Amino acid sequence: MCRSTTGKGPLPTLFWAGAFFGNTFFGNCAGDRCVWGARLGRGLGRDTVIVLAMRVVGTLLWMGYLVVLARSLSKPDFALTIYVTNFALVAVLVITMGRDVSLLRLSARLWGSADVAQIGGVLHQARRDVLLAGMLLGVALAGGVWIGLDWPVTRSLPLALLCGAMATLLAQMGLSRDVLRACGRMWQSQLGLNITRAAVPLVGGLLALRSGGMRAETALAMFLAALCLSVLIEAWMLAPLGLNNAAAPEARTHPADAGLALGRSAWQIWPGDVANAIQMRLAGLIAGAVLSPDAAALFLAAERLANLAQFPIAATSQASAPRLARAAVAPAPALQAGLSKASMLMGLGTCIGVGGALAMSWPALRAMGPEFTAAFPLVLILVAGHLSWSVFGLAQPALHLSGFFRSYSFLAVAACLFTALLVCGGGQKAGALGTAVGFALGWWLTNLAYTLTFWRLSGCRSGVLSWSPSMIRAAMRRSLLWGRG
């Protein structure tokens, strides 16, 4: 017998939040008159819960890894490790050249039309291109070391080679992960990204901590080993899908046509993806390059903790992307219905992510060391920037998944440049605090621009603009009835 949930306290609050969540995203709201939209909403809720659950586990593992790094490395080595990792995460978008998003979009449609034989061909082509680009990146970084470039990534040859290898493996992981997502293998696509990538360096860091500490190169080598294992796991997960079957008589798309479509859309998306990745880590890249080692360590620790708020946001985006790509070629009501449900889920998920990041950041900073608690105000400001996703929803991924590649890239590049000006200007005026304020303000203006642009081009609304009164009333009414029953 369940107790009454009409009282006050944390348990009733969680009960009502769960009731609203379940009835909103697993049921059909009154405004869903489109079968495509209803199916999209139900599948989106299930997939989002799977991705979010794995990301919660990954969050805990990654937070433990950050604490181990802070305890086992000196402050300069800690800042160097986080900076090189951030650079690799940005460089992966450069060497991928937009092929990950294009591969997801193309594979989702091929999988939906049962034209599976062509997915393996375009995946292998994308892997070859990315491997070549990764090798060129490694050569460029090694050349920077040889000419004596004064930059953290080119401080030594091992650092440069480790960074190039990390970016290449991350790019290969991204390709496999997007194909798994497109083929409906949601939890398999998240295993390497969330679990293996953090668990292996965490175990290695704990062993190194017991033996007396480690250097930045050792920490990065452990991360590289985790990426190698993740690539192997994802290749094993792809094997049962039969993507490598050479000739399928029922294939309706010629491999050359599929490859040409992949390359054309990839080159249009690539500038936007690179700019978006740079903007996401812009504050850390600028602060890590211009601040003193101790100040950079504090800022980068705050940035990594604030990014925990992105986990539910990314979970919603990743779970919705394959279905939005298929709904984009259906009648407009299908895309609008899916966006409405995804936007409500994004709003709730963002609030959960922000609350979780704020709740975990102070204990994590104390665990890193008493001197790291001074970074808590920076966490508050950086997290405020992530709240913009709760208001504006999924306009950014919907823009390029709907085929508006040039508009997406133009807007992403312009937003990145504008945010860079805000970050640099804020840093000159108020140091680390000004850098954080410029970053947060930049994301609010960026997501507003994405939302208005997508509305103008497609006629579909995202974020709070898509929350119809009938949908909200129906969700709340079913939540109340379910709670009383």
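Remember, it's a predicted structure, so these values are computed and weren't measured experimentally. (Residues numbered from 1 in each chain as written. Predicted model: local features only at pLDDT ≥ 70, side-chain atom pairs only at ≥ 80, totals over all residues. Heavy atoms only, no water.)

**Re the overall build of the protein**
Using the following cut-off: Numbering of helices and strands runs from the N terminus, with a helix taken as a DSSP run of H or I at least four residues long and a strand as a DSSP run of E at least two residues long. Relative accessibility decides the category of a residue: with a 1.4 Å probe and only protein chains considered, values under 20% of the type maximum give buried, values over 50% give exposed, and everything between is partly exposed.
The number of helices and strands found in the protein is 18 helices and zero strands. Counting over 485 residues, the protein shows a buried share of 56%.

**Some thoughts on the nonpolar core**
In plain terms, the rule: Note on terminology: a nonpolar core comprises buried Ala, Val, Leu, Ile, Met, Phe, Trp, Tyr and Cys residues joined through side-chain atoms within 4.5 Å. Whether two residues are in contact is decided by their heavy atoms, any of which lying within 4.5 Å being enough.
Core analysis: the largest hydrophobic core is formed by 125 residues, its most contacted members being Leu69, Phe78, Val179, Leu305, Met368, Phe372 and Phe454. Counting residues per element, this core draws most heavily on helix 3 (residues 75-96), which supplies 14 residues. In this structure Phe78 touches Leu66, Leu69, Ala70, Leu73, Ala297, Ala301 and Phe372, once residues within four positions along its chain are discounted.

**A few points about the side chain of Thr154**
Examined against the element boundaries, Thr154 turns out to sit in the loop between helix 5 (117-146) and helix 6 (157-182). Setting aside chain neighbours within four positions, we find Thr154 in contact with Leu141, Gly144, Val145 and Leu149.

**Focus: the pattern of salt bridges**
Using the following cut-off: Any Lys or Arg side-chain nitrogen found within 4 Å of a carboxyl oxygen on Asp or Glu counts as a salt bridge.
Inspection of the entire model under this criterion finds two salt bridges. Asp178 is the partner of Arg181 in a salt bridge, and the nearest nitrogen-oxygen pair spans 2.7 Å. Here Asp178 and Arg181 lie together in helix 6, a separation of three residues that amounts to about one turn. Pair check on accessibility: Arg181 and Asp178 agree, each one buried. Between Glu217 and Arg215 there is a salt bridge whose closest N-O contact spans 3.6 Å. On the basis of relative accessibility, which here comes to 54%, the residue Arg215 falls in the exposed class.

**So, empty space enclosed by the protein**
Using the following cut-off: With a 1 Å grid laid over protein atoms only, a set of points is called a cavity when a 1.4 Å probe fits there but cannot get out and a pocket when it is open yet has protein on both sides within 12 Å along at least five of seven lines; lining residues have an atom within 4 Å of a point. Grid points are joined across faces, edges and corners, and a volume is the space filled by probe spheres set on the points.
Applying the stated criterion to the full structure yields two cavities of 30 Å³ or more. Considering only enclosed or pocket space, the second largest cavity measures out at about 40 Å³ in volume. If you trace the second largest cavity, you find it lined by Trp62, Tyr65, Leu66, Leu69, Thr81, Ile82, Thr85, Leu220 and Phe223. Put simply, the parts of the chain that give the lining of the second largest cavity at least two residues each are helix 2 (35-72), helix 3 and helix 8 (216-238).

**Side note on a nonpolar patch on the surface**
Heads up, the condition is: Like charges within 9 Å and nonpolar side chains (Val, Leu, Ile, Met, Phe, Trp, Tyr) within 5 Å are joined into patches, using only residues over 30% in relative accessible area that form no salt bridge. Each accessible area is a Shrake-Rupley estimate made with a 1.4 Å probe; only the visible protein chains count as cover when residues are assessed.
Residues Phe418, Leu421, Leu441, Leu445, Leu448, Leu452, Trp455, Val464 and Leu465 make up a contiguous nonpolar surface patch of about 790 Å² in total accessible area. The residue Leu448 is located in helix 17 (residues 405-458) in this model.

**Let's talk about the environment of Phe392**
By the element assignment, Phe392 lies in helix 15 (residues 388-392). Classification of Phe392 by relative accessible area gives buried; the value is 13%. Along the primary structure Phe392 and Gly347 are separated by 45 residues, whereas in three dimensions their C-alpha atoms are 8.4 Å apart. If near-sequence neighbours (up to four positions away) are discounted, Phe392 is found in contact with Trp444, Asn447, Leu448, Thr451, Ser462 and Gly463.

**Remarks on the environment of Arg109**
With respect to the helices, strands and loops of the structure, Arg109 is situated in helix 4 (residues 99-112). As a C-alpha pair, Arg109 and Ala182 span 73 residues in sequence and 8.1 Å in three-dimensional space.

**Quick notes on the packing of helix 3 against helix 11 (residues 293-306)**
Under the convention used in this document: Working convention: axes come from line fits to C-alpha atoms, limited for helices to the stretch in contact. Angles between N-to-C directions cover 0 to 180 degrees. Put simply, angles under 35 degrees are roughly parallel, angles over 145 are roughly antiparallel, angles from 65 to 115 are roughly perpendicular, and the rest are oblique. For any helix crossing, the convention is left-handed if the near helix is rotated counterclockwise from the far helix by under a right angle, and right-handed if that rotation is clockwise. Three categories are distinguished: nonpolar for Ala, Val, Leu, Ile, Met, Phe, Trp, Tyr, Cys and Pro, charged for Asp, Glu, Lys and Arg, and polar for the others, with Gly belonging to the last.
Look at helix 3 against helix 11: their axes get within 8 Å of each other, and the N-to-C directions meet at 50 degrees. One element, helix 3, and the other, helix 11, form an angle in the oblique class. Relative to helix 11, helix 3 is oriented so that their crossing is left-handed. Contacts between helix 3 and helix 11 involve Lys75, Pro76, Phe78, Ala79, Ile82, Tyr83, Asn86 and Leu89 on the former and, on the latter, Pro293, Asp294, Ala296, Ala297, Leu298, Leu300, Ala301, Glu303 and Arg304. Its residues placed into classes, the contact of helix 3 with helix 11 shows 12 nonpolar, one polar and four charged.

**Comments concerning the packing of aromatic side chains**
Here is the rule: Side-chain rings of Phe, Tyr and Trp (the six-membered ring for Trp) are treated as a pair once their centres are within 6.5 Å; stacked means planes under 30 degrees apart, edge-to-face means over 60, and tilted covers the remaining angles. As a reminder, the over-ring test applies to NZ of lysine and CZ of arginine, requiring each to be within 6 Å of the ring centre and within 35 degrees of the ring normal.
Tallied over the full model, the rule gives eight aromatic pairs. Pairing Trp62 with Tyr65 gives two aromatic rings, centres 5.2 Å apart and planes at 55 degrees, and the pair type is tilted. Linking Trp62 with Tyr65, this pair stays in helix 2, spanning three residues, or about one helical turn. Ring centres of Phe78 and Phe372 lie 5.7 Å apart, and the angle between their planes is 75 degrees; on these two criteria the pair is classed as edge-to-face. Taken together, the positions of Phe78 in helix 3 and Phe372 in the loop between helix 13 (332-368) and helix 14 (376-386) put the pair 294 residues apart, joining distant regions of the chain. Assigned by exposure class, Phe78 and Phe372 land together as buried. An aromatic cluster is built from Trp62, Tyr65 and Phe223, whose rings are joined through pairwise contacts. The ring centre of Trp62 lies 5.9 Å from the NZ or CZ of Arg197, which sits over that ring.

**With respect to helix 17**
Put simply, the rule reads: In a helix, the anticipated span is given by 1.5 Å times the number of residues less one. Bend, in this description, refers to the angle at a residue between axes fitted to the seven residues ending there and the seven starting there.
Relative to the 80 Å expected for 54 residues at 1.5 Å per residue, helix 17 spans just 13 Å between its end C-alpha atoms, considerably shorter than the ideal helical length. At Ala430, helix 17 is deflected by roughly 150 degrees, the largest bend along its length. Downstream of helix 17 by one or two residues, Gly459 has phi in the positive range, about 80 degrees.

**Some details on the packing of helix 6 against helix 7 (residues 186-210)**
Two elements in contact, helix 6 and helix 7, have axes whose closest approach is 7 Å; the angle formed by their N-to-C orientations is 150 degrees. In terms of orientation, helix 6 lies roughly antiparallel with respect to helix 7. Classified by chirality, the crossing of helix 7 by helix 6 is left-handed. Touching Leu170, Met173, Arg177, Leu180 and Arg181 of helix 6 are Met186, Gln188, Ser189, Gln190, Gly192, Leu193 and Arg197, all from helix 7. For the contact of helix 6 with helix 7, the residue count by class is five nonpolar, four polar and three charged.

**Notes on the environment of Val56**
Turning to its location among the elements, Val56 is positioned in helix 2. When its relative accessible area of 44% is taken as the criterion, Val56 is described as partly exposed. In this structure, the C-alpha to C-alpha distance between Val56 and Ile195, residues 139 residues apart in sequence, is 9.8 Å.

**Comments concerning the confidence of the model for the protein**
As a reminder of what qualifies: Confidence of the predictor in every single residue is expressed as pLDDT, which spans 0 to 100.
Per-residue confidence for the protein gives a mean pLDDT of 76, with 77% of residues at or over 70. When the criterion is pLDDT under 50, residues 1-44 qualifies, and its contacts beyond four places in sequence or with other chains add up to 78 contacts. Every residue in residues 479-485 is under pLDDT 50, and counting partners more than four places away or in other chains gives 10 contacts.

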